[in-house]
Amino acid sequence: MLKDKKIGFIGGGNMAEALIKGLLAGGMPAKELAVAEPAAGRREFLRERYGVNVSNDNNAVAADCDVIILSVKPQVCSEVLDGIKGSISPDKPIISILAGITTTAIEAMLSGTPRIVRVMPNTPALVMEGASAISKGAHATGDDISLTRHIFELVGKAWVVEEKLLDAVTGLSGSGPAYVLTFIEALSDAGVKNGLSRDIATGLAAQTVFGTARLLLETREHPAVLRDKVTSPGGTTIAGMHALEKDGFRSAVINGVDAATARSMELGKK
Ligand SMILES: NC(=O)C1=CN([C@@H]2O[C@H](COP(=O)(O)OP(=O)(O)OC[C@H]3O[C@@H](n4cnc5c(N)ncnc54)[C@H](O)[C@@H]3O)[C@@H](O)[C@H]2O)C=CC1
Ligand SMILES: O=C(O)[C@@H]1CCC=N1
């Protein structure tokens, strides 16, 4: 599906790098990937580490590539689109991974009937374990969605959702790696407090999160069913769970996702 198609990134930061690394690992040739990035050091790094084409010229990348992935910060979106709108031909899809910015807003910043697909990926795409949600702009085609799905499935799992749900996706899985990493760090701290070395504590914590996620995905059981299997009557787990719930564990997580979702909505209104 991607054969002979060139993918161009506008913005070569963290998320673009995660996608580039995943796409290369998924078999995409480096010569088919191009990145427009203003920071010289960053361009050099991407060229040296991944062998991709780099440029300081957003217009050249937008004009040369068959698929454009917008990967700048939402705050510079209108300036960037204004600069490249003359170089985007109407026969190519534009995939935006910007948090909060709607397809309607992007369409309004370009001319004509641009084919916008909006995606919210996450950083585990770097190790091909990303979680992405995809939604279709008014003028995007079914093929644009299939192609986007193909790209993001090279770097993990992907779901197609209605655009109105993308703020919730951003709050959950887009920002989610930060919550999970903080949880792992806290588990590790707790291990150190109770006498484990940092190395062993972090290893145990990360493998526990990884193994539990895999158990859930492979068995497709409800989380509560699997939790019950860990929780012996009068045992350690119920004591731990009780203490966590007293400190508002679930509420804290729900409040965090709520706040990130609200922030995503707010970015879309600016
Ligand atoms: N980091 C993450 O976990 C995720 C980020 N996103 C979205 O991805 C986008 C990029 O985020 P990050 O990669 O984290 O940010 P970043 O700050 O690492 O990357 C943005 C890049 O854009 C470059 N840039 C700035 N002005 C530019 C211009 N005028 N033309 C071309 N490039 C320009 C910057 O030099 C930088 O390298 C954001 O819109 C964010 O909402 C989406 C999902 C997850
Ligand atoms: O923090 C942010 O705004 C971006 C969007 C999702 C993850 N990082």
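Residues numbered from 1 in each chain as written. Chains lettered and ligands numbered in written order. Predicted model: local features only at pLDDT ≥ 70, side-chain atom pairs only at ≥ 80, totals over all residues. Heavy atoms only, no water.

The name recorded for the protein in an unreviewed UniProt entry is Pyrroline-5-carboxylate reductase, from Geotalea uraniireducens. Entered under Pathway (unreviewed entry) in the UniProt record, the comment concerning the protein runs "Amino-acid biosynthesis; L-proline biosynthesis; L-proline from L-glutamate 5-semialdehyde: step 1/1." According to the UniProt record, the Sequence similarities (unreviewed entry) comment for the protein is "Belongs to the pyrroline-5-carboxylate reductase family." (UniProt positions renumbered as here; feature names shortened; annotations may be inferred.)

Draft legend 1. Summary view of the site of ligand 2. Surveying the vicinity of ligand 2 reveals the residues A99, G174 and S175. Protein chains shield 48% of the accessible area of ligand 2, which is 250 Å² for the free molecule. (Near = heavy atom within 4 Å. Areas by Shrake-Rupley, 256 points an atom, 1.4 Å probe, with all protein chains shown as cover.)

Draft legend 2. Up close: the site of ligand 1. Taken together, 20 residues are adjacent to ligand 1, and N14, M15, E37, N58 and V72 come closest. G13 places a main-chain nitrogen or oxygen 3.5 Å from an oxygen atom of ligand 1. Within the backbone of A99, a nitrogen or oxygen atom sits 3.0 Å from an oxygen atom of ligand 1. The fraction of the free accessible surface of ligand 1 (830 Å²) that becomes covered by protein chains is 78%. Its residues placed into classes, the shell around ligand 1 shows 11 nonpolar, 7 polar and 2 charged. (Polar contact = N/O pair within 3.5 Å; in protein donor to acceptor, adjacent residues only side chain to side chain. Nonpolar A, V, L, I, M, F, W, Y, C, P; charged D, E, K, R; others polar.)

Draft legend 3. Up close: the nonpolar core. One finds I7, F9, I151 and F152 to be the most contacted residues of the largest nonpolar core, which totals 31 residues. For this core, the secondary-structure elements that each account for two or more residues are β1 (7-10), α1 (14-25), β2 (33-36), α2 (40-50), β4 (67-70), β6 (115-120) and α6 (142-153). The biggest single contributor to this core is α1, with 6 residues. By size, the runner-up hydrophobic cluster in this structure holds 20 residues, among which are V61, A62, L70 and V72. (Core = buried A, V, L, I, M, F, W, Y, C linked by side-chain atoms within 4.5 Å. Buried < 20%, exposed > 50% of the residue type's maximum accessible area, 1.4 Å probe, protein only. Helix = DSSP H or I, 4+ residues; strand = E, 2+ residues; numbered from the N terminus.)

Draft legend 4. Expanded view of the sheet that holds β6. Sheet architecture is open: 8 strands sit in the order β3-β2-β1-β4-β5-β6-β7-β8, paired in mixed fashion. The sheet is open, and its two borders are formed by β3 (53-55) and β8 (156-160), each paired with just one other strand. The mean inter-strand angle of the sheet, taken between neighbouring strand axes irrespective of direction, is 25 degrees. In terms of strand pairing, strand β5 (residues 93-96) meets β6 through 4 bridges, oriented parallel. Paired with I94 across the two strands is I116, which belongs to β6. Set on the sheet, α1 makes contact with β1 and β2; between it and β1 the angle comes to about 165 degrees. (Pairing = 2+ DSSP bridges. Axes fitted to C-alpha atoms, helices over the stretch in contact; angles between N-to-C directions. Contact = heavy atoms within 4.5 Å.)

Draft legend 5. Molecular detail of the UniProt feature "domain: Pyrroline-5-carboxylate reductase dimerisation" (unreviewed entry) in the protein. Within this numbering scheme, the UniProt entry marks residues 163-267 as carrying the feature "domain: Pyrroline-5-carboxylate reductase dimerisation" (unreviewed entry). Between the first and last C-alpha atoms of residues 163-267 the distance is 15 Å; the span itself is 83% helix and 0% strand.

Draft legend 6. Seen up close, the packing of α1 against α2. Here α1 crosses α2 at 15 degrees, and the two axes come no closer than 12 Å. Classed by the angle they form, the pair α1 and α2 counts as roughly parallel. Classified by chirality, the crossing of α2 by α1 is right-handed. Counted together, N14, E17, I20, K21 and L24 of α1 and R42, F45, L46 and Y50 of α2 form the full contact between these two elements. Here the residues of the contact of α1 with α2 are counted per class, giving 5 nonpolar, 1 polar and 3 charged. (Parallel < 35°, antiparallel > 145°, perpendicular 65-115°, else oblique. Left-handed = near helix turned anticlockwise from the far one by under 90°.)

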